[in-house]
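Descriptive analysis of the structure
Below are the chains, spelled out letter by letter.
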Amino acid sequence: MKNKNVIEVENLSKLFGDFAAVNSISFHVKAGEIFGFLGANGAGKTTAIKMLIGISSPTSGKATIAGFDVYKEAESIKKNIGYMSQKFALYDDLTVKENITFFGGIYGLSKKQIDRKRCELVDELGLQEVANSLVSSLPLGWKQKLAFSVSLLHDPKIVFLDEPTGGVDPITRRQFWEMIYKAAHNGTTIFVTTHYMDEAEYCDRVSIMVNGKIEALDTPKKLKAHYKTDTMNDVFLKLARG
Amino acid sequence: MKRFVGFVRKEFYHIFRDKRSLFILFGMPIAQILLFGFAITNEINNVNIAILDQANDVTSKEIINKIAASKHFSIVDIIQKESSIESIFKKGKVKAVLQFENNFGNNLIKEKQANVQVLTDATDPNMANTISNYISAILKKYQQELNKNTTIDYQIVPQSRMVYNAELKSVYMFVPGVMTVILMLVSAMMTSISITREKEQGTMEILLVSPLKPFQVIIGKVFPYIFLSVINAIVIVLLSIFVFNVPVNGSLFLLGIESVLFIITSLALGILISTISATQQTAMMISLMGLMLPTILLSGFIFPISSMPLPLQVISNIIPAKWFIIIVKGIMLKGIGIGFIFKETAILVLMTLLFIGISVKKYKIRLE
Amino acid sequence: MGISVSNITKSYGKVTALSDISFDVKPGELFGLIGPDGAGKTTLFRILTTLLIADKGQATVAGYDVLKEYKSIRNSVGYMPGRFSLYQDLTVEENLNFFATIFGTTIEENYDLVKDIYVQIEPFKTRRAGKLSGGMKQKLALSCALIHKPKVLFLDEPTTGVDPVSRKEFWEMLKRLQKKDITILVSTPYMDEAALCDRIALIQDGKILQIDTPNAIVSHFPKPLYNISANDMYGLIESLTNYKHTYSIFPFGEFVHYTDKRDTMDIERLKTYLESQNLTDIHIEKTQPTIEDTFMELAK
């Protein structure tokens, strides 16, 4: 499984009228890799992601996700990926257990599987005492950890994380990243979009989008060396300011 | 003053840039008035009626012929006895029964006065009213022809009786109702939404942390709507006068003053709603359920208050729209002056003061 | 002058949002409140901007009591709430004009103060605020909060959701404003921004963990800190978690930040241990703690 490409993108473009929101981007992501997808507001990140998760059709170019074509096999893509965003992750007015049951259900897990996963998850995250409380009553960090686990319920090949840890306290944030490392270790590919550079430093490789194009793509270490800076933040500033 | 003008200008920007609220403001009144105007028509054609001719003489025959010749009615049954009337109504075959008294023709010549009874099925009160008016018109015409050739004044006295809904009140007078609904909608709903929008967007926080005083914010919010509601009221009155020929018998000035009063009542209600709801959605729900429905259903606009069950009649008293409809009907249709609607006006003034009082008390200078 | 907070406590029902908070901000100081979401930052801002009343304690802003003299405070502070709070359907210029008017001033009168910031968005002055990018919205919001020349400026998480370029520009603007004798209280969940403040308060769960200059806070870190990296991050974290001498480990970008239970530790022995766990490319070196390290140490 390792070293096999699970995301392959070639010259992918999306035009809105004359405006190229995504301008011929190419990259690939290996199985089990943690891939950071960075860019300023309006650089085209969101448009690119929408094409990759099969909810928006590209104007031109090729892309396969988990072996499925983004033009023809969007439905198969959706079954093989997990998605978690900061804006929407879980239903606040359902309990922890109800959320797990609900999301297990929409991903087509059997009742038995759901029951098993629910026990596992609650134990792993140490949520025994709040398993029957509404999600709205949990601290933000717990919610985000639970949301990430829920996005892994159906053992997807790839998980897309959209600014997963914004505003979370530093300790919980690290626990979150330990969960990501574990998932990646187990072979799940992690695709993280963020414009917070400290999050970028955790990734195996990062790409930086500027005005619809990928301007840099490498490991954080090599990028920092190449741009002669100490932090990814400075790499980003150099690129985005031209 | 400059602050206030600046605030009001901002409110107008909001209103004119939001297509939805613009539509509610100006599209709705016109659409509603046209809808009600054309849907509630008073034209009738080929309505089935029955005749009970107890006189069976020349005069009654002549009148029956006149009715049969009119395009409005078709006579489908001639019944013989009074006891059949009820069964024929129950079968639903006819909408009205015309009953001539014994010796109708003789009475007319000897007593110079004869009676004819128009019985109508008032389960459809609008229809019943119209039928009764048409038959009266035919009788009147016949009477005029009769009187033309003589100096004696013969009189046919039609006695209308509505079956099933004896105390019929006209619903034809839709203009006061529509005007009330529109003013309520625009004033209360739009203000409550525009205040809660600031809460939702977080701009209320900034307004609170500014030297603006609470009453400046409130007056600034309602001022544009007073202005727009007055325009609306004028549009409605013009439409009803020129498109539907509804008369304005009373003073236009008085009508204007009373309208402004009702607008202020509605605005005060809108502010009250906004102080108890945190989101635009809640404000909209409360406005629709708590104001619009009672205004349409319990104010006497569509259903006559006198035919409601007693508990609803009592509740209808706390609905501002009820009093405004009485006022508008009085001024427009009866042409009465302030002396006759003093009580209703006083009630509206009291309600308004109460609402403003509560809202000022409830308006928060802080977030909680 | 400045801000003075003493023993402020605030609860919502059973939840204590702030418990016994005290600190002072000197006139002209750029003071940062650093803490994650839910730490109580917004509640504190709302108490100081007179939007909420504290259960206990006193506070003054620009010399005025937040309770008794709330009207004077409302005249003399600028406030930028956490979320974008401008009128989306008004243009850039209309927004700025509106806020100038309600404070009884004009754009012209205080143009000097906002000029630096406003010139950057002036080319878009006829654009609706809702159509601006995140960075431009933030500049407009700051212009609006400044247009009446406030003595104290409250900025609640101004850089959340904004890209690094705009964040950097924003902090540069704050530094320039500070020179114009405006006291600034700013909050942020991002530890890397803390270093840009004169003094900071680290806050979590409604309590202040520490108040000092960024340098002093870092120098208070109690133990030697090591950067460790290896070929497999997951394996490295697992191995270090099971190491008997581990005091704390936190992933930190491409490294793990490690502290040892013992006063003196042997780098070579740790390296040998890690190698025995099938890890390669092992690097261990001493490093400078960051504010985030201190925060985690204090919050533990």
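Residues numbered from 1 in each chain as written. Chains lettered and ligands numbered in written order. Predicted model: local features only at pLDDT ≥ 70, side-chain atom pairs only at ≥ 80, totals over all residues. Heavy atoms only, no water.

Right, let's get into the interface of chain A and chain C. Interface size is often expressed as the accessible area that is lost when the parts come together. On the chain C side, the residues contacting the 27 residues of chain A number 33 residues. Counting the surface lost from both chain A and chain C, the interface buries some 2,700 Å², and carbon and sulfur atoms represent 60% of this. For K224 of chain A, the salt bridge goes to E254 of chain C, with nearest N and O atoms at 2.6 Å. Run the count over chain A and chain C and you get five residue pairs in polar contact (both at pLDDT 80 or more). Contributions of two or more residues to the side of chain A that touches chain C are made by α6 (170-185), α8 (220-226) and α9 (232-240) of chain A. Considering each element in turn, the side of chain A that touches chain C owes the most residues, eight residues, to α6 of chain A. Here the residues of the side of chain A that touches chain C are counted per class, giving 12 nonpolar, six polar and nine charged. (Contact = heavy atoms within 4.5 Å. Buried area = accessible area lost by both parts, 1.4 Å probe. Salt bridge = Lys/Arg side-chain N within 4 Å of Asp/Glu carboxyl O. Polar contact = N/O pair within 3.5 Å; in protein donor to acceptor, adjacent residues only side chain to side chain. Helix = DSSP H or I, 4+ residues; strand = E, 2+ residues; numbered from the N terminus. Nonpolar A, V, L, I, M, F, W, Y, C, P; charged D, E, K, R; others polar.)

On to the pattern of salt bridges. Side chains carrying opposite charge are able to pair once their charged atoms draw close together. All told, the structure shown has 31 salt bridges over all chains when counted by the stated rule. Here D155 of chain A makes a salt bridge to K117 of chain A, at a shortest N to O gap of 3.5 Å. One end of the pair, D155 of chain A, is in the loop between α5 (140-151) and β7 (158-162); the other, K117 of chain A, is in helix α4 (residues 111-124), and 38 residues separate them in sequence. Accessibility expressed as a relative area gives 60% for D155 of chain A, which makes it exposed. D192 of chain C is the partner of R167 of chain C in a salt bridge, and the nearest nitrogen-oxygen pair spans 3.4 Å. (Buried < 20%, exposed > 50% of the residue type's maximum accessible area, 1.4 Å probe, protein only.)

Residue and element names in this part refer to chain B. The terminal C-alpha atoms of helix α10 (residues 252-276) lie 36 Å apart, and with 25 residues this matches the ideal 36 Å at 1.5 Å per residue to within 8%. The element α10 is largely enclosed, with a buried count of 18 among its 25 residues. Between the side-chain oxygen at the start of α10 and the backbone nitrogen of F253 there is a gap of 3.2 Å, and the oxygen is on S251. (Expected span 1.5 Å × (residues − 1).)

This paragraph deals with the packing of aromatic side chains. We describe a pair of aromatic rings using the distance from one ring centre to the other and the angle between the two ring planes. Evaluation of the coordinates by the stated rule reveals 25 aromatic pairs over all chains. Here the aromatic rings of F37 of chain A and F191 of chain A are separated by 5.1 Å at their centres, their planes lie at 40 degrees, and the arrangement is tilted. Of this pair, F37 of chain A sits in strand β3 (residues 34-39) while F191 of chain A sits in strand β8 (residues 189-194), and the two are 154 residues apart along the sequence. In this pair, the class of F37 of chain A matches that of F191 of chain A, namely buried. Consider the rings of F4 of chain B and F223 of chain B, whose centres lie 6.0 Å apart with planes at 70 degrees: the pair is edge-to-face. Separated by 219 residues along the polypeptide, F4 of chain B in helix α1 (residues 2-17) and F223 of chain B in helix α9 (residues 214-242) bring together distant segments of the chain. (Phe/Tyr/Trp six-rings, centres within 6.5 Å; stacked < 30°, edge-to-face > 60°.)

Let's shift gears to the domain arrangement of chain B. Under the domain assignment, chain B is made up of domain 1 (2-39 + 171-362) and domain 2 (47-163). Each of domain 1 of chain B and domain 2 of chain B has a C-alpha centre, and these two points are 45 Å apart. (Domains from an automatic or database assignment.)

This next bit is on the interface of chain B and chain C. Taken together, the contact between chain B and chain C spans 26 residues of the former and 34 residues of the latter. Here chain B packs against chain C, burying approximately 2,900 Å² in sum over the two surfaces, 58% of which is carbon and sulfur. For chain B, the biggest contributors to the area lost against chain C are R17, V209 and R366 of chain B; these three give 25% of the whole. Counting the contacts that link chain B with chain C gives two salt bridges. Two residues, R17 of chain B and E94 of chain C, come together in a salt bridge whose shortest N-O distance is 2.6 Å. Where chain B meets chain C, there are nine residue pairs in polar contact (both at pLDDT 80 or more). Taken together, the elements giving at least two residues each to the side of chain B that touches chain C come down to α1, α7 (174-201) and α8 (203-208) of chain B. Looking at the side of chain B that touches chain C residue by residue, the classes come out as 10 nonpolar, six polar and 10 charged.

What follows covers the UniProt feature "transmembrane region" (unreviewed entry) in chain B. All names here are of chain B. Under the present numbering, the feature "transmembrane region" (unreviewed entry) in UniProt falls on residues 21-40, 171-195, 222-246, 252-273, 285-303 and 323-356. Helix and strand shares over residues 222-246 are 84% and 0% respectively, and the end C-alpha atoms of the span are 31 Å apart. Secondary structure content for residues 252-273 is 100% helix and 0% strand, and the end C-alpha separation is 31 Å. (UniProt positions renumbered as here; feature names shortened; annotations may be inferred.)

Contacts are most numerous between chains B and C, considering all two pairs of chains that are in contact. One finds no contact between chain A and chain B; the C-alpha atoms of the two approach each other to within 17 Å at their closest.

Attention now moves to the layout of surface pockets. The volume enclosed by the second largest pocket comes to roughly 1,100 Å³. Around the second largest pocket, the lining is made up of 40 residues, and of these D198, E201, T231 and N233 of chain A together with D192 of chain C lie nearest the centre. Counting residues per element, the ones that place at least two in the lining of the second largest pocket are α6, α7 (197-200) and α9 of chain A together with α6 (164-178), β13 (255-260) and α10 (291-299) of chain C. No other element matches the six residues that α6 of chain C contributes to the lining of the second largest pocket. When its residues are assigned to classes, the lining of the second largest pocket shows 17 nonpolar, eight polar and 15 charged. (1 Å grid on protein atoms, 1.4 Å probe; cavity = no way out; pocket = protein on both sides within 12 Å on 5 of 7 lines; lining within 4 Å. Points joined across faces, edges and corners; volume = space filled by probe spheres on them.)

Another point: the packing of α9 of chain B against α10 of chain B. Residue and element names in this part refer to chain B. The interhelical angle for the contact between α9 and α10, taken along N-to-C directions, is 140 degrees, at an axis separation of 9 Å. Taken as axis vectors, α9 and α10 run oblique relative to one another. When you trace α9 past α10, the crossing you get is right-handed. Across from I218, V222, Y225, I226, S229, V230 and V237 in α9, the residues of α10 making contact are L252, L255, V260, I263, L267 and I271. A per-class count over the contact of α9 with α10 returns 12 nonpolar, one polar and no charged. (Axes fitted to C-alpha atoms, helices over the stretch in contact; angles between N-to-C directions. Parallel < 35°, antiparallel > 145°, perpendicular 65-115°, else oblique. Left-handed = near helix turned anticlockwise from the far one by under 90°.)

Residue and element names in this part refer to chain A. Across the sheet, which stays open at both edges, the four strands sit in the order β2-β1-β4-β5 with antiparallel pairing between neighbours. For this open sheet the edge positions go to β2 (19-30) and β5 (68-69), each flanked by a neighbour on one side alone. Sheet topology note: the strand β1 (residues 5-16)/strand β4 (residues 60-65) ladder contains five bridges and is antiparallel. Paired with S13 across the bridge in β4 is S60. Relative to the sheet, helix α1 (residues 45-52) contacts β1, β2 and β4, its axis offset from that of β1 by approximately 125 degrees. (Pairing = 2+ DSSP bridges.)

All right, on to the confidence of the model for chain B then. All names here are of chain B. Residues at a pLDDT of 70 or more form 91% of chain B, whose mean pLDDT is 82. Looking over chain B, one finds the lowest element-wise mean pLDDT in strand β5 (residues 155-163), namely 64, and the highest in α10, namely 92. The model gives residues 164-171 a pLDDT under 50, and that stretch makes 16 contacts with residues more than four places away or in other chains. (pLDDT = per-residue confidence, 0-100.)

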